[in-house]
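Architecture and fold: a report
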Protein chains: 2
Amino acid sequence: MMNIDENEKSLPEKLSDDIVKYILNKQMKPGDRLPNESILAKEMGAGRSSVREAMKLLASRNIVNIKQGSGTYIANSTGVVEDPLGFTFINDKKKLTWDLLEIRFLIEPYIAQTAALNADDEDIKIIEELCNEVEYMLNKGIDHVEKDIEFHKAIAKSSKNLVVPRLIPIINSSIPLFVEITNNILKDETIETHREITQAIKEHNPVKANDAMYMHLVYNRRVIQSKNNNH
Amino acid sequence: MMNIDENEKSLPEKLSDDIVKYILNKQMKPGDRLPNESILAKEMGAGRSSVREAMKLLASRNIVNIKQGSGTYIANSTGVVEDPLGFTFINDKKKLTWDLLEIRFLIEPYIAQTAALNADDEDIKIIEELCNEVEYMLNKGIDHVEKDIEFHKAIAKSSKNLVVPRLIPIINSSIPLFVEITNNILKDETIETHREITQAIKEHNPVKANDAMYMHLVYNRRVIQSKNNNH
């Protein structure tokens, strides 16, 4: 029997906590390379096999990436796991889609607004490129989900709020659900509102950005509502 | 060298994905007990040691709890890890506190409002009890952080939105930061606004609940702002 528990952590569990402290103390950034197993084992006063175990736990929490033959590196968006809110384990995907949309209404117009205030020239360039790519894919009927997520990510990043880009996994996990439900129906509205959002950010017009994002969500909600009798 | 990687997952990694599918197919709920190692090893066509490895990874993602001498159980708020958005790895805690407060303004008044609409008698009973306990602790000068978090959790749960209770880790991680900064200064305002929020939910008055929560956040923001020259 194993003994991972609130009170009773396994040695690799405790060691992974120590390695987190080590990463913080050294102020290591994403992409930084961790010392190799034997050096780290010395640093931590632990065995190499325990360090290996601990690293696997840290990898499963997206704190490090273990690259075969290359080494162990601090992960991008360190500590942000895939599906951080465990939506995988919500069975009622219909209610989940609706409830996620509620949250998108709360957060995304604000994100667009602050992006319009804080986006720099580089941010704007990236947002415009992604807007054009999504539009191209929509017109060609190519699957645009990934690019659509990148578009929303770029807007969140340009808001310069530290929390917002970490909320993006929530938005990410919702977009495929929405596209599934709203696909083809909202092609023109998506192109139009994506353009408006991009233009508003480019003009540093927070009200216009807020409203354009709000419209974007309203179009989605109307389609979902029309297919969703319990709302 | 280990080989956990996007493309190249280790056997325990792959196995943990299979166990997640198993949990979903069986529609297992928090508290449900998983079959023991040897049975699961058979089910998965894998070795017991691999199953043990996989379980450690699932435990580190709060998908299962491994209880020594008892067995392995589906975790509460399955798949929601501690610090899911990796705030541990944000160095600028001052900006983090401010940016978190921005997000709390977006989400928490809505949570209070929907709680007022959807709370049942049992929810209200729990919220009232927690409100009284926090008030007692504040008056006695006892550390109330944990209870304060429970109070906000109970409100989120009673909103009946599937996403909101999973956003609570975000709010949790902010409350200790706020208390640290605002402690003692906001004793009376906290008691007053917590009471208002509780009363509004009890009366099923969404506007009153929204406004009371908004006030609660304004008191916090004023204190933080007064101590925070860059805003």
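Notes on the structure in this doc start here. Note that the structure is predicted; figures quoted are calculated from it, not measured.

Ile103, Ile155 and Ile201 of chain A together with Ile103, Ile155 and Ile201 of chain B are the most contacted members of the largest nonpolar core, which has 70 residues in total. Once you skip the residues sitting within four places of it in the chain, Ile201 of chain B turns out to touch Ala112, Ala115, Ala116, Ala119, Ile124, Ile127 and Ile155 of chain B.

One pass over the full model with this rule turns up 34 salt bridges over all chains. A salt bridge links Glu133 of chain A to Lys147 of chain A; the nearest nitrogen and oxygen atoms lie 3.1 Å apart. A residue pair is termed long-range when its members are at least 10 positions apart, and Glu133 of chain A in helix 5 (residues 121-140) and Lys147 of chain A in helix 6 (residues 145-158) qualify at 14 residues. Using a relative accessible area of 33% as the deciding quantity, one classes Glu133 of chain A as partly exposed. Across the salt bridge formed by Asp188 of chain B and Lys187 of chain B, the nearest N and O atoms sit 3.7 Å from each other. Among the residues examined, Asp188 of chain B registers a relative accessible area of 54% and is labelled exposed. The network of salt bridges with shared partners includes Asp120, Asp123, Lys157 and Lys160 of chain A.

Right, let's get into the side chain of Thr198 of chain B. Residues and elements named next belong to chain B. As for its placement among the helices and strands, Thr198 is situated in helix 8 (residues 187-202). Judged by its relative accessible area of 7%, Thr198 is buried. Leaving out residues up to four positions away in the same chain, Thr198 has contacts with Ile127, Glu128, Cys131 and Phe151.

With that settled, consider the relation of the copies chain B and chain A. The relation between the two chain copies is a rotation about an axis coupled with a shift along that axis. By a simple turn and slide, chain B fits onto chain A: the slide is 0.1 Å along the axis, the RMSD is 0.1 Å, and the turn is 180°. Overall, the copies show the geometry of a two-fold rotation axis. The overlap is high: 100% of the interface residues of chain B also sit at the interface in chain A, so the same surface is used on both sides.

A few words on helix 4 (residues 93-118) of chain A. Residues and elements named next belong to chain A. The terminal C-alpha atoms of helix 4, which comprises 26 residues, lie 35 Å apart, in line with the 38 Å expected from a rise of 1.5 Å per residue. The axis of helix 4 is deflected most strongly, by about 35°, at Arg104. By the criterion of burial, helix 4 is predominantly enclosed, with 20 of the 26 residues buried.

Excluding glycine, a negative phi dihedral is what most residues carry, and trans is how most peptide bonds are arranged. Of note in the backbone geometry, Asn62 of chain A takes a positive phi value of approximately 55° without being a glycine. Residue placement: Asn62 of chain A occurs in the loop between helix 3 (48-60) and strand 1 (64-67). For Lys160 of chain B, which is not glycine, the phi dihedral falls at a positive 70°. Relative to the elements of secondary structure, Lys160 of chain B occurs in the loop between helix 6 (145-158) and helix 7 (164-182). Overall, the relative accessible area of 34% leaves Lys160 of chain B in the partly exposed class.

Turning to the packing of helix 5 (residues 121-140) of chain B against helix 6 of chain B, a few remarks are in order. Residue and element names in this part refer to chain B. Between helix 5 and helix 6, the least distance of the axes is 9 Å, while the angle of their chain directions is 160°. As summarised for this structure, helix 5 and helix 6 are arranged roughly antiparallel, according to the angle between their axes. Crossing of helix 5 over helix 6 shows left-handed handedness. Facing helix 5, whose interface residues are Asp123, Ile126, Ile127, Leu130, Cys131, Glu133, Val134 and Met137, helix 6 presents Lys147, Asp148, Glu150, Phe151, Ala154, Ile155, Lys157 and Ser158. Here the residues of the contact of helix 5 with helix 6 sort into nine nonpolar, one polar and six charged.

On to the packing of helix 1 (residues 11-25) of chain A against helix 2 (residues 37-44) of chain A. Residue and element names in this part refer to chain A. Following both chains from N to C, one finds helix 1 and helix 2 inclined at 95°, their axes separated by 11 Å at the closest point. Here helix 2 runs roughly perpendicular to helix 1, going by the angle between their axes. Here helix 1 contributes Leu15, Asp18, Ile19 and Tyr22 to the contact with helix 2, which in turn contributes Leu40, Glu43 and Met44. Residue composition of the contact of helix 1 with helix 2, grouped by class: five nonpolar, no polar and two charged.

The next point concerns the packing of aromatic side chains. Residue and element names in this part refer to chain A. Evaluation of the coordinates by the stated rule reveals two aromatic pairs over all chains. Aromatic pair Phe105 and Tyr214: ring centres 5.0 Å apart, planes at 75°, arrangement edge-to-face. Remark: Tyr214 occurs in helix 9 (residues 206-226) and Phe105 occurs in helix 4; sequence separation between them is 109 residues. In this structure Phe105 comes out as buried when scored by relative accessible area, which is 9%.

Moving on to the environment of Glu108 of chain A. Along the chain, the position of Glu108 of chain A falls in helix 4. For Glu108 of chain A, a relative accessible area of 2% corresponds to the buried category.

Our next topic: the pairing of strand 2 (residues 71-74) of chain B. Residue and element names in this part refer to chain B. In this structure, strand 1 (residues 64-67) lies alongside strand 2, joined through four bridges in antiparallel fashion. When the sheet's bridge partners are listed, Asn65 is paired in strand 2 with Tyr73. A loop of three residues connects strand 1 with strand 2, the two strands running antiparallel in sequence, and Gly69 in this loop sits at a positive phi of about 75°.

Definitions and limits used
- Within each chain, residues carry numbers counting from 1 in the order of the written sequence.
- The naming scheme follows written order: chains are lettered A onward, ligands numbered 1 onward.
- Restriction of local features to residues with pLDDT of at least 70 applies here, the model being predicted, together with a cutoff of 80 or more for giving and counting side-chain atom pairs; totals for whole chains, interfaces and linings are based on all residues.
- Hydrogens and water molecules were not included; the side-chain quantities draw on all heavy atoms of the structure.
- Think of a nonpolar core as a cluster: buried Ala, Val, Leu, Ile, Met, Phe, Trp, Tyr and Cys residues, connected wherever their side-chain atoms sit within 4.5 Å.
- The rule is simple: take the accessible area with a 1.4 Å probe, protein chains only, and divide by the maximum for that residue type; under 20% is buried, over 50% is exposed, in between is partly exposed.
- Residues are treated as being in contact if the distance between any of their heavy atoms lies within 4.5 Å.
- Each salt bridge in this description consists of a side-chain nitrogen of Lys or Arg and a carboxyl oxygen of Asp or Glu lying within 4 Å of one another.
- Under the DSSP-based scheme used, a helix requires at least four consecutive residues in state H or I and a strand at least two consecutive residues in state E, with every element numbered from the N terminus.
- All copies are superposed by least squares; the fitting set is the C-alpha atoms of residues with a pLDDT of at least 70 in both.
- Here the expected length of a helix is defined as 1.5 Å per residue gap, with one fewer gap than residues.
- What we call the bend at a residue is the angle made by axes fitted to the seven residues finishing there and the seven residues starting there.
- Convention adopted: a line fitted to C-alpha atoms gives each axis, helices being fitted over their contacting stretch, and angles between N-to-C directions are expressed from 0 to 180 degrees.
- Between 65 and 115 degrees an angle is taken as roughly perpendicular, under 35 as roughly parallel, over 145 as roughly antiparallel, and anywhere else as oblique.
- Handedness of each helix crossing follows the sense of rotation of the near helix against the far helix: counterclockwise by less than a right angle gives left-handed, clockwise gives right-handed.
- Three categories are distinguished: nonpolar for Ala, Val, Leu, Ile, Met, Phe, Trp, Tyr, Cys and Pro, charged for Asp, Glu, Lys and Arg, and polar for the others, with Gly belonging to the last.
- Aromatic rings from Phe, Tyr and Trp, taking only the six-membered ring of Trp, are treated as a pair when their centres fall within 6.5 Å; an angle between ring planes under 30 degrees marks them as stacked, one over 60 as edge-to-face, and anything in between as tilted.
- When DSSP finds two or more bridges between a pair of strands, those strands are recorded as paired.

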